[in-house]
Each structure stands twice: as C-alpha cells, then as structure tokens.
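Residues per chain, in single letters:
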Amino acid sequence: MKKLKFEDLEFLHLKTDSNVIEETLEGIKISDEYSFSKFEHLYSESGRFPFLRGPYPNMYQGRPWTIRQYAGFSTAEESNQFYKNNIKQGQKGLSVAFDLATHRGYDSDHPRVKSDVGMAGVAIDSLRDMEILFDGIPLDKMSVSMTMNGAVLPIMAMYIVAAENQGVSVEKLSGTIQNDILKEFMVRNTFIYPPQDSMRIIGDIFEYTSKNMPKFNSISISGYHMQEAGASADLELAFTLADGLEYIKTGIAQGLDIDKFAPRLSFFFAIGMNYFMEIAKLRAARYLWANIVKQFNPKNPKSMMLRTHCQTSGWSLTAQDVNNNIVRTGVEALAAVHGHTQSLHTNSLDEAIALPSKESARIARNTQIYLQEETDSCEHIDPYGGSYYVEYLTDQLIQKVMVHFEEIEKLGGMTKAIELGYPKRKIEESASIIQAKIDSGEQAIVGLNTNLAEDEETIKVLKVDTSEVLASQLNRLEDLKLNRNESELKIALEELEDAAKEKGNLLEYSVKAVRAGATLGEISYCLEKVFGRFSPKISGIQGVYINKVNSNMKKDIKEIQSLVSAFKEKTGRRPRLLLAKIGQDGHDRGQKVVASSFADFGFDVDIGPLFQTTEEVIKQAMENDVHIIGISSLAAGHLSFVPELMHGLKKNNFRPLIVVGGVIPPEDYDTLYLQGVDLIFGPGTNLMNAAKELIKKL
C-alpha cells in the first residue's frame with residue numbers, strides 16, 4: 001500500500017474537558033464534555049475538499065437523497081411487479097437483490113442450489129429473466145443499482161443487452177453495480193474465482209464502463225457487510241477505504257486516468273444504532289477518501305468526492321418484539337441522513353425472522369418519505385458541524401483508521417492482507433466482543449435482554465414457494481436451450497474462454513455470449529475453467545468471548561465448563577459440535593461467533609466449509625463422530641434442506657442432536673420439530689444459555 005499522507009490531520013484540535021466515563025467498541029474514550037482550541041475547519045464549505053461537511057454545496061436543499069429500496073424475490077415477474085408498485089408510491093431508484101444461486105454463478109438447474117432458487121432475491125438464469133425483471137421500466141430513465149459481485153460479468157452483460165432490446169443504448173444507462181469482490185473474501189463470501197482473477201474482472205469492468213457507460217457507476221465499495229459481520233465503525237471504515245485504494249490501483253494498472261474512473265466510484269455503508277458514531281463515520285469517510293485520492297494527482301475535484309449509499313442495519317433487528325424494529329430503522333435512517341448519504345435503503349421490521357412482506361416494506365419505505373416531507377432534514381447543511389461530541393468522534397475515527405492503514409501497509413496492501421486473513425480475523429474478534437457484551441447485558445437490546453414483552457404479537461411473514469419458483473425457472477431454461485442457435489453459442493463461449501486466457505475484455509465478450517443465448521451458469525463456468533473456483537481456508541478464534549463477558553457472567557461459564565467436564569468424564573471425550581452452512585448463503589457471522597464462544601466453553605468445535613450440501617455435512621459429521629450438528633440458516637432454506645438432512649442421517653443410521661439457528665419464522669418451529677430437529681435457536685439467543693441447554697440435552 002502506498003504510504004498515505006493526510007493534510008491538516010489536527011484540523012479539529014479537540015480535547016476532553018472531564019473524566020473518561022466509558023470506552024467505545026472502537027477504543028474511543030468518551031467523556032461528558034469537550035471543547036475545541038481551534039475552529040478553522042468549520043469555515044470550510046460543503047462540496048469542497050476535503051468534503052467533511054458534505055459532498056455537494058447545497059446538499060439536500062437542492063435535491064433530497066434517493067429512496068432506493070433493495071428488493072428482489074422469487075421470480076422476475078413478481079419482482080417486476082413489486083418494483084412498479086414501489087415506483088408508483090415514491091421510490092426513485094431500483095436496487096436489485098439476486099438469489100444466492102445467481103450470486104454464486106449457478107443456473108437454477110444446478111444440483112447444488114435447489115434450496116436457494118428464488119430465496120433472498122430474484123433468480124436470473126438468462127437474458128429472458130432480465131428482460132422480464134425490467135419489463136415496462138424504461139432503463140434510460142430509471143437508475144438501477146445491482147448488488148452483484150461474484151457473477152458480475154453475466155449480470156452486467158444481461159442488463160446491457162436487455163436495455164438494447166428496449167431500444168436503450170448503453171451510454172444512456174445510469175446506476176451502480178456493486179462489483180466489490182474484496183469484501184466478499186472478508187465477510188459475505190459470494191465469490192466465485194480466486195482474488196487475483198476477480199480483480200482482473202473488476203479492471204475489465206472499469207475499462208468497459210469508462211469507454212461506454214458515462215452515467216454508470218462501475219463499483220460500489222461496500223462496508224455494509226463488514227458491520228453486519230461484526231466490524232466496529234473504525235474497522236468498517238478502514239477496510240472499506242483500503243479496498244477503495246486497491247481498486248484505484250487496479251484502474252490505474254488498467255491504463256485508466258484517475259479522472260476517468262474515480263468520479264464514478266461510489267461507496268456503501270451500514271448504519272447501526274450508535275447514532276452519533278454513524279454520523280461521524282460518514283463525515284470521516286469523506287475526509288479520508290478525499291486525502292487518499294488526492295495523492296494520485298487528480299485534476300477533477302469530483303475524483304476526490306466520496307458519494308455513498310447507506311442501508312440501515314439488518315443485524316440490529318430483533319426477532320423478539322419485532323415492532324420495535326420500526327423505531328430502530330427510523331433512528332438509523334436519521335443518522336444516515338444527518339451524515340449526508342446520497343441514497344438510502346431502510347430495512348423492514350420482519351427481516352430478523354423472514355423475507356420482508358409487502359406491508360413491512362411499505363412501512364420501511366415510508367420511513368424515508370416521512371423524513372423528507374414531514375421533518376426539516378432537507379433544509380440544513382451539516383447540522384452536526386460544530387457539535388463538540390460529533391467532531392470529536394470524527395477526529396478519533398480518522399486517527400483510528402490511520403493506524404489500521406499502517407497495519408495493512410505492513411502486510412503489503414489490502415489484497416495481501418485479505419489473503420493472510422487479517423481483516424477477517426479482526427472482524428470476527430469484534431463480533432465476539434459484541435456478542436459477549438449482549439449476552440452479559442452490558443449492551444442493552446430492548447425486547448431481547450431488557451424490557452422483555454410479556455405477550456409477543458405474531459406477525460404474518462412472507463413465504464416463498466421454492467418448488468414453484470424452481471419449476472418456473474427450469475421451464476424457462478429448457479425453452480431457451482431448445483430455441484437458441486447452438487453453433488453461435490459455442491463460438492461465443494469459446495471466444496470468452498480465449499479472452500480469459502489471453503487478456504481480452506471479459507465484459508465485452510460476456511455481452512457477446514448473452515446475445516448468443518448463453519446462460520449465467522454457462523458464462524460463469526466458462527471462466528471457472530480458466531480461473532478455477534475459490535475455496536477459502538476455514539479457521540476460528542478462541543479466548544475473545546470469554547475475556548469480554550463481565551465478572552457476573554464468569555460463574556455461568558464455569559458452570560458450562562463443569563458440565564462439559566462431567567460429560568467428558570462420563571463418555572471419555574468432550575462434546576463435539578459441527579457447525580455447518582448448507583446451500584449458497586455465505587453470511588457466517590453466527591457460525592463464527594458460536595464457534596468462538598463454544599470453544600471457550602470447552603466444546604470441541606468443527607467449522608464446516610461454506611456452501612455444503614446435506615450429503616457433505618453428513619459425511620463430515622460421521623467422519624468426526626460429532627454429538628451435535630448445528631445448522632445456520634439465514635436465507636430461508638431450512639424447510640428444504642432439513643428434511644434432506646434428516647433422511648440422509650436415517651439412511652446412514654447416524655443420529656446426533658440436530659440444532660437449527662438463524663432466521664427462522666416462529667411459525668416454522670413446529671414443522672422443524674416434527675421433521676426431527678431437537679433444538680431451535682433464533683436471532684439474539686444468549687449463547688451461554690444455549691450451551692447449557694445443549695449439554696443438558698446430551
């Protein structure tokens with residue numbers, strides 16, 4: 001990493017005026033009073049370097065932030081209707097969520113993804129799916145944001161060709177493709193190819209969009225999933241901006257001028273419940289990014305301007321007393337607005353237990369409309385400029401991030417740091433600390449560990465019939481393959497494979513393949529033959545959770561350890577737990593936090609690799625003779641894979657305890673118990689209580 005120099009780092013000249021009363025997760029010391037010795041930075045203008053006070057001179061006075069709800073489920077037809085309804089009700093831009101099969105480069109007919117098709121996003125196998133998705137939505141007028149990283153080439157190609165078939169030329173398309181593969185190797189894990197080959201794809205997309213798509217943002221550098229995986233604000237900020245620096249270096253290595261692509265880089269941050277910290281984070285992000293880009297000598301000030309989309313936290317939502325989540329989302333949305341986001345997605349109240357329903361999505365969208373139309377949020381520029389506390393947090397975050405930059409530089413840059421596992425380890429440590437604070441009651445969560453509801457209201461949740469979605473996708477794939485020109489397809493795929501070997505622009509050749517009728521899976525596999533499919537190393541951490549619970553909870557841990565010792569004395573070995581992820585869901589925060597804490601409790605813990613089939617889980621469980629199989633389900637596939645798992649275990653005459661955890665609607669509990677599941681632990685489960693229940697069940 002290039003040695004970074006920051007101008008006027010001491011621009012705030014802050015000091016605390018009283019005793020420290022607490023320390024944040026970021027290690028920032030908090031007092032109850034602050035003062036400045038200098039105020040010069042407050043006279044700087046929004047819209048000018050270093051953009052601390054906002055990226056645009058008039059901010060929301062000229063134009064409010066874009067209401068951009070992230071959505072996609074089931075079939076392209078249903079998603080299309082959902083988009084049209086939202087546009088009628090005030091949504092200004094589309095944000096497309098794809099299903100996990102699509103993310104991982106598989107067509108719906110691939111045997112590894114039968115539980116994932118149409119779950120947590122829309123299934124896209126072919127150009128026809130993409131055309132249906134945007135049917136009746138003019139792509140020359142509607143900004144489209146697509147959250148796609150692993151299968152970014154076929155998705156971008158299908159979007160471009162779908163627009164062509166609408167009569168919209170590529171230069172008129174506006175929007176953003178996430179295209180942020182580095183964060184996938186840290187947290188979200190919807191990668192396909194190894195890091196270096198994935199970076200090459202990003203460079204090709206930069207090149208293609210710079211030449212052909214002047215209105216389109218070629219990357220959205222994402223910290224969102226880092227916070228969702230457990231990162232503190234300083235880690236989210238440092239790793240996101242370090243990724244951004246790596247992408248700048250990639251664009252320059254591609255032969256692009258900094259001013260050709262830097263103005264169209266955008267960012268994506270999570271907004272959690274620490275209201276003032278989140279405002280400070282966005283202010284610090286702009287200051288840091290402006291200084292990073294400045295060192296590449298841009299001529300255009302817009303190259304140094306950080307523009308960001310934000311999304312309220314999904315992790316902060318609780319499965320308990322779910323209506324509280326409406327307030328949580330409102331607080332987080334206001335923090336994003338006061339931090340000067342350019343667009344915003346607000347999460348729905350039911351997302352801790354299921355995919356969002358139409359009713360809950362409407363409440364979430366209207367939350368933004370209230371802020372724009374019923375408050376004075378759009379009337380003031382940088383309302384927290386000059387706030388002693390927010391300015392202090394901004395300054396402290398900048399300094400914390402610079403320390404992380406130095407560590408990354410020592411490791412050889414962000415790509416090398418990711419290969420060594422440094423960011424992933426830091427995020428997992430942070431997640432374990434947070435879980436320990438919640439379990440011990442130090443971090444209050446209303447409805448979970450304080451102010452518990454006596455009678456919880458059950459709410460209606462969205463159900464997706466995967467069998468119907470799968471049947472629909474399979475029929476469309478079959479029809480496509482019967483009616484396309486196979487010789488044209490063969491030539492196009494061979495050209496794409498040659499381009500992968502010989503350094504041709506991969507997006508350009510992917511567009512040709514889509515025109516010839518290639519599916520998403522065929523394009524992905526064509527590249528996989530050259531690059532290979534990446535498999536990450538599996539590791540866990542120990543000692544973090546147990547060292548962060550407060551002294552009152554130490555006795556609970558000692559009780560668990562005593563139970564473990566008694567089990568070992570009786571059986572000759574410690575209880576062995578396999579934590580598995582079935583299907584293509586890569587969110588592994590829960591899996592890693594449980595692994596860390598249970599190892600501290602004295603369990604033998606095996607962490608299964610991501611993206612397993614039920615057969616692979618059973619094989620690993622039998623080889624290690626585990627006492628417990630714990631399945632993490634965050635993508636609503638539990639009703640599909642649990643029966644398969646139970647059938648396979650019975651067939652092999654092997655029956656450990658079966659535990660399911662994650663996003664499970666309460667109405668599914670009885671079904672899972674009837675299928676043979678022994679215990680279910682939903683979001684917010686106290687891990688010490690879970691461990692006691694498990695060991696006693698054994």
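Residues numbered from 1 in each chain as written. Predicted model: local features only at pLDDT ≥ 70, side-chain atom pairs only at ≥ 80, totals over all residues. Heavy atoms only, no water.

Caption draft 1: Molecular detail of the domain arrangement of the chain. For the chain, the assigned domains read domain 1 (6–61 + 221–420) and domain 2 (544–697). Once you take the C-alpha centre of each, domain 1 and domain 2 turn out to be 35 Å apart. Tallying the contact residues gives twelve residues for domain 1 and seven residues for domain 2. Between domain 1 and domain 2, roughly 720 Å² of surface is buried when both sides are summed, and carbon and sulfur atoms account for 59% of that area. It is Trp315, Ala352 and Ile353 that lose the most area in domain 1 upon contact with domain 2, and together they represent 43% of the buried surface on that side. Our count for the contact surface shared by domain 1 and domain 2 stands at zero salt bridges. Where domain 1 packs against domain 2, one counts three residue pairs in polar contact (both at pLDDT 80 or more). (Domains from an automatic or database assignment. Contact = heavy atoms within 4.5 Å. Buried area = accessible area lost by both parts, 1.4 Å probe. Salt bridge = Lys/Arg side-chain N within 4 Å of Asp/Glu carboxyl O. Polar contact = N/O pair within 3.5 Å; in protein donor to acceptor, adjacent residues only side chain to side chain.)

Caption draft 2: Geometry of helix α24 (residues 638–651). The end-to-end C-alpha distance of α24 is 20 Å, a good match for the 20 Å that 14 residues give at a rise of 1.5 Å each. Within α24, the full set of buried residues consists of His638, Phe641, Val642, Leu645, Met646, Gly648 and Leu649. What you see down the axis of α24 is that its buried residues fit within an arc of 165°, all on one side. What points out from α24, more than 90 degrees from its buried face, is the exposed set His647, Lys650 and Lys651. In this structure, the buried side of α24 is in contact with α23 (614–623), β17 (628–633), β18 (657–662) and α25 (669–675). (Helix = DSSP H or I, 4+ residues; strand = E, 2+ residues; numbered from the N terminus. Expected span 1.5 Å × (residues − 1). Buried < 20%, exposed > 50% of the residue type's maximum accessible area, 1.4 Å probe, protein only. Arc of directions from axis to C-beta.)

Caption draft 3: Focus on the packing of aromatic side chains. According to the stated counting rule, one finds 20 aromatic pairs in the structure shown. Here the aromatic rings of Tyr275 and Phe276 are separated by 5.1 Å at their centres, their planes lie at 80°, and the arrangement is edge-to-face. Among the residues examined, Tyr275 registers a relative accessible area of 14% and is labelled buried. The exposure class of Phe276 is partly exposed, given its relative accessible area of 33%. Aromatic pair Tyr545 and Phe601: ring centres 5.7 Å apart, planes at 85°, arrangement edge-to-face. Highlighted residues: Tyr545 in helix α20 (residues 544–548) and Phe601 in helix α22 (residues 589–601), separated in sequence by 56 residues. Site record: aromatic cluster; members linked through ring pairs are Phe185, Phe191, Phe534 and Phe611. In this arrangement the basic side chain of Arg104 is found over the ring face of Phe611, its NZ or CZ atom lying 3.5 Å from the centre. (Phe/Tyr/Trp six-rings, centres within 6.5 Å; stacked < 30°, edge-to-face > 60°. Lys NZ or Arg CZ within 6 Å of the ring centre and 35° of its normal.)

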